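Coordinate analysis (summary)
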Amino acid sequence: MSEGHIAILHDRFPGMGGGETFAVEASRVLDAPIYTMYVAEETDIPDDVDVRTMRQSKYTTGLSGSLLEWRNSGMNPFETTSVAIDMTQGTDELAEYDVLLESAPLSKYYVPETHQRIVHYPHSPPRWLYDLFRDRMKRVDYPAIGFAARAYAKLWRALDKEAVDYVDTFVANSELIRDRIRRYYDRDAEVVYPPVTGDWRHTADDGYFVTWSRLDKEKRIDLIVEAFQKLDQRLIVAGDGEHREKIERMAEGHQNIEVRGFVEDIESLVARATAVIYAPTHEDFGLVGAEALTAGKPLIGVDEGFTRYQVDDGVTGIPFEPTVESLRDAIRTFDPSEFDRAKIQEFAKRYRYEQFETKLQSVVYDCG
């Protein structure tokens, strides 16, 4: 396939999360431009990546920008609906490409030209529509609002299934997401792990456990902090998000728990840790787990989601059930001397950048 015939379509850049990082790295690997609805203010796009916005002013300026910039853990229904509708049209430039690599769920709403091949990397089918639907509905206290929310979700589910028809090839970021794609879309998918970037290393063991991520409900940092409230071991929590104040309140009065907020050089913090703790709710891939293993650190991980695939009991770490007592038991029985850094890093080779590069190029070029 000749250069210039591939483009990446990512729904939007509200910040630099896992999906945005994938789009950037895919752009580098494929030497392709990224098309997106908008780039939010203060989002740090690398200089070597060509990002082209399709509706920048609509989403960032004026009355429409004020309405659409409102955030509620990424669940602004006005913004989500608007991006999906605008994505169906895209921009005229997109019609010039033979292959579009679509990143993130809303990108598949683009209606392709007849000649175009669509490779879709969704990160996950929208979780609020499928595997987290019942959990989200439990948070709704009023029957009328609950009925409206279920009707809204049913409409979106129908639209989501319709957009699947535009996709030629699905690519999953893990075996877990491959299984979700099979279950909810009745389609198969290639598995290409997201790349681990950064200087992940093992330099020492300073006697503390570390966890880091976006501080929101699904990451269950509160479960980890609660577990350490009755332990003697040190815990360092890194990250920011809507639950940060709650986590800080939980840590008050416990000298063994430190909440640092966003840590820019997280690699150095991990390099001197005893082990990494990770407890997300049915994680899609779990870059934190992959980064911990790349650094050669044992992963004390919740026994669910893709984290379950990353923890080989006694080799790469130890699993625990998603309860405070189970995590406490895991910490009490954990012995760092039983783990071999070389074996952990050997397991983590599957997350190397070179693996990502080779597999992504193969799946995209094979569609040409």
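To start, this report covers the structure provided alongside it. Since the structure is predicted, the reported quantities are computational estimates derived from the model, not experimental observations.

Notes on the pattern of salt bridges
Using the criterion set out here, one finds 26 salt bridges in the structure. Between Lys 58 and Asp 86 there is a salt bridge, with its nearest N and O atoms 2.8 Å apart. Of this pair, Lys 58 sits in helix α2 (residues 56–60) while Asp 86 sits in helix α4 (residues 77–89), and the two are 28 residues apart along the sequence. Judged by relative accessible area, which is 29%, Lys 58 ranks as partly exposed. With a relative accessible area of 11%, Asp 86 lands in the buried category.

What about the sheet that holds strand β5 (residues 117–121)?
The sheet built from seven strands is open, its strands ordered β3-β2-β1-β4-β5-β6-β7 with parallel pairing. Edge positions in the open sheet fall to β3 (51–53) and β7 (189–191), since each of these has one partner strand only. Averaged over all neighbouring strand pairs, the angle between strand axes comes to 25°, with direction disregarded. Across three bridges, strand β2 (residues 34–36) lies against β3 in parallel orientation. When the bridges of β3 are listed, Tyr 35 appears paired with Arg 52. Of the strands in this sheet, β1 (6–10), β2, β4 (99–103) and β5 are in contact with helix α1 (residues 18–30), which crosses β1 at around 175°.

What counts and how
Residues numbered from 1 in each chain as written. Predicted model: local features only at pLDDT ≥ 70, side-chain atom pairs only at ≥ 80, totals over all residues. Heavy atoms only, no water. Salt bridge = Lys/Arg side-chain N within 4 Å of Asp/Glu carboxyl O. Helix = DSSP H or I, 4+ residues; strand = E, 2+ residues; numbered from the N terminus. Buried < 20%, exposed > 50% of the residue type's maximum accessible area, 1.4 Å probe, protein only. Pairing = 2+ DSSP bridges. Axes fitted to C-alpha atoms, helices over the stretch in contact; angles between N-to-C directions. Contact = heavy atoms within 4.5 Å.

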